[in-house]
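The chain contents come next:
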Amino acid sequence: MPRLSTRFGAFPAYPLAHIPARKKALIEAGVDVVVLHLAGSGKVSPEAAQALGRARASGANFADVALDVRDWALVVDGLFGIGLARPLEGRYRELVLGIDKVSCPVLALDVPSGLDADSGAVVGPDGVAVRATHTITFIGGKPGLHTAEGCDHAGEVQVADLHVDLLSRAVHRAGKEIDLQPREFRLLEYLMRNRDQV
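Residues numbered from 1 in each chain as written. Predicted model: local features only at pLDDT ≥ 70, side-chain atom pairs only at ≥ 80, totals over all residues. Heavy atoms only, no water.

1. Considerations on the overall build of the protein
Right, on to step 1. Across its full length, the protein carries 6 helices and 10 strands.
Right, on to step 2. The proportion of buried residues among the 198 residues of the protein is 42%.
Right, on to step 3. Across the protein, the fraction of contacts at a sequence separation of at least 24, relative to all contacts at a separation of at least 6, is 68%.
Right, on to step 4. Here the protein displays about 10,800 Å² of accessible surface, and carbon together with sulfur accounts for 54% of that area. (Helix = DSSP H or I, 4+ residues; strand = E, 2+ residues; numbered from the N terminus. Buried < 20%, exposed > 50% of the residue type's maximum accessible area, 1.4 Å probe, protein only. Contact = heavy atoms within 4.5 Å. Areas by Shrake-Rupley, 256 points an atom, 1.4 Å probe, with all protein chains shown as cover.)

Right under this line is the structure:
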């Protein structure tokens, strides 16, 4: 049975929110999904806690330590997103170094962890970043995926469509509605309304 490793970091509200539906589809396809959840030491938002609860209730296999990755068919990097402003340290750094040694494809969500989405630089003077074979980025392209070190870390980049109806407060991707928490929708709306300033 192929194994899929999904790596999520401390506050994974968006990716974890979609594990229940994805898990069922993957199980039906004969894929063994393992979620490596590295909980941070900071306060978790109610939205992130709800998303984690839904993901755990989905039957996804969770691990809190790095596993042997030699037999993975795919690694999905959702460890950190576009707001990362500090170099990866400790277990996060070790995890990224481990991911960079796998022979299977690596899919980064939005931006490879450790990479600055604006400049394309690896964050920090001695920083590390995931070297993805593919990156799916959301809403719009990120300049850092196509400049500087981003070219070597992003792999093949695809921009995912996202349709937002501000009146009905509905969000669709690839024709399917995305169930966002009110706070998540407000953040998305803010980013859309201030796209030239944020």
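Right, picking up where we left off after that structure.
2. Things to note about the packing of aromatic side chains
Right, on to step 1. Summed over the entire model, instances satisfying the criterion amount to 1 aromatic pair.
Right, on to step 2. Measuring from ring centre to ring centre gives 5.2 Å for Phe 80 and Tyr 92, while their planes differ by 70°; the resulting arrangement is edge-to-face. Linking Phe 80 in the loop between β4 (72-78) and α4 (90-99) with Tyr 92 in helix α4, this pair joins segments that are 12 residues apart in sequence. Considered together, Phe 80 and Tyr 92 belong to a single accessibility category, that of buried residues. (Phe/Tyr/Trp six-rings, centres within 6.5 Å; stacked < 30°, edge-to-face > 60°.)

3. Describing the nonpolar core
For soluble globular proteins, the rule of thumb is that nonpolar side chains tend to be buried together.
Right, on to step 1. Counting residues in each nonpolar core, the largest one holds 21 residues, and the members touching the most others are Leu 79, Leu 88 and Val 106.
Right, on to step 2. Counting only elements with at least two residues in this core, the list comes to β2 (32-37), β4, α4 and β5 (106-109).
Right, on to step 3. Ranked by residues supplied to this core, first place goes to α4 with 4 residues. (Core = buried A, V, L, I, M, F, W, Y, C linked by side-chain atoms within 4.5 Å.)

4. Here's the deal with the environment of Arg 169
Right, on to step 1. If you trace the backbone, Arg 169 turns up in the loop between β8 (163-165) and β9 (170-173).
Right, on to step 2. For the pair Arg 169 and Glu 189, spaced 20 residues apart in sequence, the C-alpha separation works out to 9.1 Å.
Right, on to step 3. With sequence-adjacent residues up to four places away left out, Arg 169 is seen in contact with Phe 185, Arg 186 and Glu 189.

5. A short note on unusual backbone geometry
Right, on to step 1. Phi angles above zero are rare outside glycine, and Ala 148 is one such case at about 50°.
Right, on to step 2. Position of Ala 148 relative to the elements: it lies in the loop between β6 (134-138) and α5 (150-154).
Right, on to step 3. Positive phi values are uncommon outside glycine, yet Arg 169 reaches one of about 60°.

6. Side note on the confidence of the model for the protein
Right, on to step 1. The pLDDT averaged across the protein works out to 77; a share of 76% of its residues lies at or above 70.
Right, on to step 2. Counted against residues more than four places away or in other chains, residues 1-20, with its pLDDT under 50, gives 89 contacts. (pLDDT = per-residue confidence, 0-100.)

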